[in-house]
Structure formats: C-alpha cells, structure tokens
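# Understanding the architecture of this molecule
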Amino acid sequence: MTQLWDFSGGIHPEQHKHLSTACPIRQSSLPERLILPLQQHIGAPAEACVAVGDRVLKGEVIATVPGAVGVPVHAPTSGTIEAISMHPVPHPSGMSDRCITIAPDGLDQWTGREPIADYHALDRDTVLERIRQYGIAGLGGAGFPTNIKLRPPKDRKVSTLILNGAECEPYITADDMTMRERADEIVAGLRVMAWVLRPERCVIAIEDNKPEAIEAVKIATENTRTEVVVIPTKYPSGGEKQLIQILTGMEVPSGGIPADIGVMCQNTGTAIAVSRAIHQGEPLISRVVTVTGRAVSSPGTFDVLLGTPVEHLLAQTGLDSQQLHRLILGGPMMGYTLETPGVPVVKTTNCLIAATAEELPAPPPEQPCIRCGMCAEVCPMELLPQQLFWHSRAGELEKAEHLNLFDCIECGACSYVCPSSIPLVQYYRAAKGEIRVQQAELLKADRARERFEARQARLEREQHEKEQRRKDRAKAAAEAQAKQQAKAEDQPSDDHAARSTLVAAALARKKAKAGKTDAAGPATTDQAEPPDLEALEKQLAQATAKLNTMQSMLEDARAENADNVEQLERAVAKNHDRVKRAETALAGARN
Amino acid sequence: MWTSLLIAVGVLLVLAVIFGGLLGFASERFKVEGNPLVDEIDSLLPQTQCGQCGFPGCRPYAESIANGDAINKCPPGGETTIRALADLLDVEPQPLDAEHGVEQAKRVAVIREDECIGCTKCIQACPVDAILGAAKQMHTVIESECTGCDLCVDPCPVDCIDMITIEPDIRSWTWSPPRSGIIATDRAGAGA
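Residues numbered from 1 in each chain as written. Chains lettered and ligands numbered in written order. Predicted model: local features only at pLDDT ≥ 70, side-chain atom pairs only at ≥ 80, totals over all residues.

It is worth spelling out the overall build of chain B at this point. Along its length, chain B carries five helices and four strands. Reading chain B from its N end, one meets helices and strands in the order α-α-α-α-β-α-β-β-β. For a compact globule of 192 residues, the expected C-alpha radius of gyration is about 16 Å, and chain B comes in at 27 Å, more than 25% above that figure. Reported as C-alpha extents along the three principal axes, the dimensions of chain B are approximately 95 × 60 × 30 Å. By residue count, 27% of the 192 residues in chain B fall in the buried class. (Helix = DSSP H or I, 4+ residues; strand = E, 2+ residues; numbered from the N terminus. Rg over C-alpha atoms; globule rule 2.2 N^0.38 Å. Buried ≥ 20, exposed ≤ 12 C-beta atoms within 10 Å, placed from the backbone.)

Okay, structure coming up:
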C-alpha cells in the first residue's frame, strides 16, 4: 500500500457523477460546421495556413504556430474551409476570437498517417517535436503545450510522473469513462511520456469514487511498474498541487512549478492523445466530453471532434430548452456560464452542464462577511480567504498580493462554504486581473520612460555636437582670417619698408652727389642704375668678342674664297652695330 | 565652583565638536544625488510624456509636484494616479483638473500610410521615438511603444494620423468584481 498524505482543507460537494456514467462513450455525430479557434492553448495563437475555399483532409494542419510556445491546429475531418473569421469562443468573457470554420464533406477522408513503429529507436527530441506537431496541449484544463511540459528545465530531474485521474469536480466523468474504456491507450501514452522523462516512479492516481475505472486501469497496468493509487474523494484532490501533496507529501513552492520538486502531472486524456500521435499517427482532433445536467434527457460522455458547436452536442442528448436555466462549461466549481451555445468544443473542454433552475439556482444575494472563518478552514492552499476578500474588495491590491493572492487556485471551495454566499473567487479573480493589468502598465510606463530619457539624452547630445561643430567652425574661420590678415599686414609693410629704404638710400646718394634735385627722376633711374651698368658692360664685352670671332671668320673665308663671304659680311656688319649700340648705351648710363 | 562649571562646559564643547564633525562627515559621505521623492513620484506617473500637465514630460511634472505643485494635472493617469500620488504624499486626493484635459480610454496613434507624405514632422514630435520612417518615406507608428500622447497629431501637415481607442479584446479581458447588489438578479453571471 502506497503511503498517502493529506492536504489541508477541501470540501465534499454532491457528486452527481452517476448521471453521465450510465452508458458508454458515444460517438458524436458530424455537425454541419466545425469551428476551430486558433488559440486553444497557452502561448501565442496559431496562424491559419489555409485559405477560404481550400479543401482539407482529416488530420491536415490548418494553422501553425511560429513561436516556441504553442501547437498547430488540425482539421478534425475532411471538408472545405468556409471562413477564417471572428467567432464566439469558449471563454468566460463571452468574446470572439479568430476561428477557422470548416464545412465537412462527410467523407472523413484521412491525410497520410505515419505511425511510429518503435519510438525507442528515436531521439527524445524527435518524439517531443512530433507531440508538438500533432497539436497536443494539456487536456486537463489549462491547455499548456505538452511538448514544453515534457521538457523540464535541465537542472530539474523529474523523479515522479503522475497521471491525474482524480477528476474531483462534481458532474465531470470524461476521465472516468476514458479510464474505464481506454485504459490500454492511457497506459501506452504514459509509457511514451515515461520514456521521455525517465522518472523513478509512475503513478496513476484515481479517486475512490470510480471503482470501475480503478479496476480497468489495474488490469491494464498488470505486470508493469506503474502504480495505481486510489485516493480518498475530496475536492479539490485533482488540483495539480493537491494531488502532488497527496502522493508525495511535498508542496510545490509558491510561484514554482511541480518540476521544481521533481514531480510532473499529466492528464489521462493527454496520455491518450500522446499515444495516438505516436502509435497511430493521429493528431489531436477529438476529445472526450461529458454532457450532463438535468436539462438533458440522455446525459453521457461523447467522443467529440474538436470544433463541434456546443448546441450540436446538446441536441444529441435531448436538451429541453424549457428546463435549461444555465449552461456551464467545465465543472460547477470552476467552470463558467456560457453566453451562447454556438461556441465550439476545444482542446480544454471537458464538461458541459445543462442545469435546471433547481439544480444550480442563481446564487443567493451576497451578505456581509460574518468572519466565521469557514473559508480559511476549507482553503486547500492554506491561504487567508477572508483577508484576501477584504483587501480585494477595498482595492488594496498590494496587501492582497502580499497575502499570496497569486497562490489561489480558484477552486471555489471558499465560495462553496461561505454562509454569507459571498462570491469570493470572483473577487480574487478580479483582483488578480487588476494586478496583472497594473503590472503590464507599469512595464509599459517604464519602457516609455526609458525611451523618453534616451531620446532626451540623444537630443541633448545632438545639440551639444551641433554647438561643438559650430564652435569649431567659428574657431577655424577666425584662425583663417587672422592668418590672412597677418599675411596681408606682413607683405605690405615689407614692401613699403624695402621701398622706403631704397628711396632713403637713393636720396642719400643723390644728396651725396649733390647734383640733381629731382625727387621722382633719380628714384627710378638710380634704381635701375647698378644692374644696368654691369649688364651693359657685359653686353659690350660679349658683342665685341662676337664681332672679333666674326671678323676672323670673315678673313678666313675671304682667304679661302668661300661661298658664305656675303653672309659673314652681313653678320659682321650686324655685330658692329650691336657693339656700337652697347657702347652708346654704356656711355649714356655712365653719364 | 568655577572649575567644575568650566569642566562641564568644556566637555560639552568637545562633544559638540565631535558630533558636529561626525554629522558633517556623514552628510558628505552618504549624500544622495537628486531628490528621491521625485523618482517615486515619477514612477507613479503614466509616462505618456504628453505634456498636458503643462510640463515638458513626466519627470519635470514630478519635480514640480515634489516642490508642492498640485497632483491633479495628469489626465492620462486620471483618478488612479491622483489616488496613488495622494497616498504617497499623504495629501487629500483632488478631482482631476479639467483645465488640463479629461481622462480618456487608452489610445494609440495610427498613421494612414497611403496618405503619409514622409515629412518626418511627427517623428520629431514623438516623445518616445515610437514613429519609424525617413524623409520622403512612409512613416509608421510602433504600436507597442506608443503612449497615446497625441503630440504627433498636430504637426502632421496632411492630417493622416488617427488616435484610435484600444478596444478590449479576449486577450486583455479580465474578470470584473462582482456587483454587490442586494437583489439576486443584479448579479446574474456572478458564477463561481
């Protein structure tokens, strides 16, 4: 007998499970239209990769996820893409989201299925990638992509793998019926997950109010090391953190994940989906949904194609719309009221309750808190619901956060026992939402401040640089001007000085000669005098020398009676003139 | 008698000098740059940098508040910011000063891109550099960085910038608190 622990708090609401366990799982008929929301998981929404009018086969990918977190969406049957548009989706807000609408052609024609014969031969990453590509997200409720969950952080070794078959909420029997009828598939899926994670211990936990399921799973796990653990019925034992506490006695740290303490929880439905992806090559295109409540005549559990509108399911169970008071998606504790029955079944839809007015009456009016403390007694997370309520209502969000508001699993036990019928969980949900919005705004404001400051710094720097450039330019200009001025001043003064000294020297010479008194005349002639005399003398000497050579050449030519006598005579005459001109010039200069 | 009096005075004097020196040293050694209150006030302002308060950005207004200015001049922050500021400064919250504008739903600037002439005037006006573009090239607003301050609308010579109210969608939706009406039918859908 495996040792079991207990978690604090918890309640024992009326079960109402027998309603939908009377007959086996039925196959839901094909609706006229399948509506597939692009976001059925946590993470980025998928992007449609088909166009309106395209024909798709069963199992074909119709939307892919570009990011790391998210899984693709597959066509649940063969047909034509009718629209890619906004359509109401199952969400507490009752809002619309992007959906792909398929009009089935009734042929149910499969695209190529590729089962893996022996996954042991493959790489673990390959198997995980297939789990992702086959659209598997947790079928338990949150819809976390299974491939990411199956890859815990490197430093966290998962030693205990728990398959959650507790199904503690009233009315819901989807997991119960699945375990009764498909225990073999569950065990096959568990084997794949265990092979990926290599845990030391594999546990299938089932509440003791499901004897048939326990029996079936025990038969399926015979001769394996998988433990089947029967746990006492108590809400919310199916909560991940509570189940871990029951089975291991350990608590998941606040804000942490089960892998932090070496544990992982998977849903039984997820195990079947994994098994089908690996062994049959079928993507996640259908799931088991409980349709129950006293407003339907034949409640039961259905194998439903994803995208089947809720109203189509209700029609198959004989809904008495006169009796219908509230349509609830999920369980009566944690589910929410559907505003329209037109929304489709998605990967996380496990139960549909068509309740009559007597069954789930409108909540009685909220009365003042009488501080009885019952909420604190039943809180499975050991929080202080009363304090959280005060602070949430007063808008003292910081104080509520300080009291670990975010550890609240919103199980609804406190609201259930509250004698003043205060909708406590709704206060907590609103406070959580408000805190998240504020955090997002703070983050945005911080980024805006950063950008603003960066811009201010940039503008200042640019201004400074501009100023610096302007200064540099001004400085360069001033220097250039100064240089030019200096040059301009230098040159004229030198010239002037030279000239004045020359003039002074000339005047002095003239005075010394004491002859001529003309001021302008001697200045010019005297200026040319010294070079002229020398040049003239040189010129004269050159001309005389040349004349002499010419004359000697002429005499030689005459003696030899040569042809060039005439030319030589002309040249000699010319040289005579030159010598004479030089002599007169020299004589003139000397005067 | 005089001696004891002088000793007492002397001891007190010495003590005064020692502690004076210590305090003087501490005030130099542990000097805080700037006013920490300004930072705290600034962190409460919405950082739209819209200038509706009459100051060129949120920080100058924070500085002014620290120096005793009114806390009700910030329309983008609205009641929430006024309450937070009143809490921080321990003063009575005042209603928003309508002179500076009214509280509006969150908005974002969107450029009608086919009408943009690429004048870069809006880029120069944007206080958080959230507009992308170059001269004679089409501009566009980086939506995630836009603070909805409105400052780019006026400079646009062709009026191609719209301020669009951000509609709540399924991803930004949050639970609303239950209506505490005493009549049961008021709380239809309270659930849980």
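Let's shift gears to the sheet that holds strand E6 (residues 73-74) of chain A. The pairing of strands in a sheet comes from backbone hydrogen bonds and takes either a parallel or an antiparallel form. Residue and element names in this part refer to chain A. A sheet is described by the order of its strands in space; here three strands give the open sequence E3-E5-E6, paired in antiparallel fashion. The open sheet is flanked by strand E3 (47-48) and E6, the only strands paired with a single partner. Of the strand pairs in this sheet, strand E5 (residues 61-64) and E6 are connected by two bridges, and their pairing is antiparallel. When the sheet's bridge partners are listed, Ala63 is paired in E6 with Val73. (Pairing = 2+ DSSP bridges.)

Here we take up the pairing of strand E2 (residues 34-37) of chain A. All names here are of chain A. Here E2 shows two buried faces, one formed by Leu34 and Leu36 and the other by Ile35 and Pro37. Where E2 meets strand E8 (residues 96-104), four bridges bridge the pair, whose relative direction is antiparallel. Counterpart to Leu36 in the pairing with E8 is Ile100.

Turning our attention to the interface of chain B and chain A. Interface size is commonly expressed as the accessible area that is lost once the parts come together. Counting residues at the interface gives 28 residues for chain B and 30 residues for chain A. For the side of chain B that touches chain A, the residue count by class is 14 nonpolar, 10 polar and four charged. (Contact = placed C-beta atoms within 7 Å. Nonpolar A, V, L, I, M, F, W, Y, C, P; charged D, E, K, R; others polar.)

Turning next to the packing of helix H3 (residues 174-181) of chain A against helix H7 (residues 268-280) of chain A. All names here are of chain A. The interhelical angle for the contact between H3 and H7, taken along N-to-C directions, is 50°, at an axis separation of 9 Å. Classed by the angle they form, the pair H3 and H7 counts as oblique. On H7, the residues touching Asp175, Thr178 and Met179 of H3 are Thr268, Gly269 and Ile272. Its residues assigned to classes, the contact of H3 with H7 shows two nonpolar, three polar and one charged. (Axes fitted to C-alpha atoms, helices over the stretch in contact; angles between N-to-C directions. Parallel < 35°, antiparallel > 145°, perpendicular 65-115°, else oblique.)

A separate point is unusual backbone geometry. Trans is the prevailing form of peptide bonds, just as negative phi is the prevailing case for residues other than glycine. Residue and element names in this part refer to chain A. In this model, Tyr235 is joined to Pro236 through a cis peptide bond whose omega is -5°. Relative to the helices and strands, Pro236 is located in the loop between strand E11 (227-231) and helix H6 (240-248). Of note in the backbone geometry, Tyr171 takes a positive phi value of approximately 75° without being a glycine. Relative to the helices and strands, Tyr171 resides in the loop between strand E9 (160-165) and H3. Overall, Tyr171 belongs to the buried group, with 28 C-beta atoms counted inside 10 Å.

Our next topic: the packing of helix H2 (residues 36-44) of chain B against helix H3 (residues 58-66) of chain B. All names here are of chain B. Their axes nearest at 8 Å, the elements H2 and H3 cross at an angle of 125°. Relative to H3, H2 is oriented oblique. Taken as a pair, H2 and H3 cross one another with a handedness that is right-handed. Two secondary-structure elements touch here, H2 through Leu37, Val38, Ile41 and Asp42 and H3 through Cys58, Arg59, Ala62, Glu63, Ile65 and Ala66. Classifying every residue of the contact of H2 with H3 gives seven nonpolar, no polar and three charged. (Left-handed = near helix turned anticlockwise from the far one by under 90°.)

Helix length check: helix H1 (residues 2-29) of chain B (28 residues) gives 40 Å between terminal C-alpha atoms against 40 Å at 1.5 Å per residue, within 8%. Burial runs low along H1(B): only zero of the 28 residues are buried. (Expected span 1.5 Å × (residues − 1).)

With that settled, consider the domain arrangement of chain B. All names here are of chain B. Splitting chain B by domain gives domain 1 (36-100) and domain 2 (107-165). Here the C-alpha centroids of domain 1 and domain 2 sit 26 Å apart. Looking at the side of domain 1 that touches domain 2 residue by residue, the classes come out as one nonpolar, five polar and no charged. (Domains from an automatic or database assignment.)

Turning our attention to the sheet that holds strand E17 (residues 351-356) of chain A. Residue and element names in this part refer to chain A. Taken together, six strands build an open sheet; the order of strands is E1-E14-E13-E17-E15-E16 and the sheet is mixed. One side of each edge strand has no neighbouring strand; the edge strands of this open sheet are strand E1 (26-27) and strand E16 (336-337). As paired elements, strand E15 (residues 324-329) and E17 share five bridges and run antiparallel to each other. Paired with Leu327 across the strands is Ala354, a residue of E17. Taken strand by strand, H3 contacts strand E13 (286-292), strand E14 (300-305) and E17, and its axis lies near 125° from that of E13.

Our focus in this paragraph is the nonpolar core. Side chains of a nonpolar character, in soluble globular proteins, are inclined to be buried together. Core analysis: the largest hydrophobic core is formed by 118 residues, its most contacted members being Ile162(A), Ala205(A), Val217(A) and Val289(A). Structurally, this core is a two-domain feature, drawing no fewer than three residues from each of domain 1 (18-356) and domain 2 (374-435) of chain A. The contacts of Ala205(A), once residues within four sequence positions are left out, are Ile162(A), Asn164(A), Gly165(A), Ala166(A), Val229(A), Ile231(A), Leu243(A) and Leu247(A). Ala445(A), Phe452(A), Ala130(B) and Ile161(B) belong to the second largest nonpolar core, which has 18 residues in total. (Core = buried A, V, L, I, M, F, W, Y, C linked by C-beta atoms within 7 Å.)

All right, on to the domain arrangement of chain A then. All names here are of chain A. Partitioning chain A into domains gives domain 1 (18-356), domain 2 (374-435) and domain 3 (525-590). For domain 1 versus domain 2, the separation of C-alpha centres amounts to 29 Å. Opposite the eight residues of domain 1 that make contact, domain 2 presents nine residues. Broken down by class, the residue content of the side of domain 1 that touches domain 2 amounts to four nonpolar, three polar and one charged.

Here we take up H3(A). Helical geometry note: an α-helix holds 3.6 residues per turn, so side chains three or four residues apart project in the same direction. The element H3(A) is largely enclosed, with a buried count of seven among its eight residues. Every buried residue of H3(A) is accounted for by Ala174(A), Asp175(A), Asp176(A), Met177(A), Thr178(A), Met179(A) and Arg180(A).

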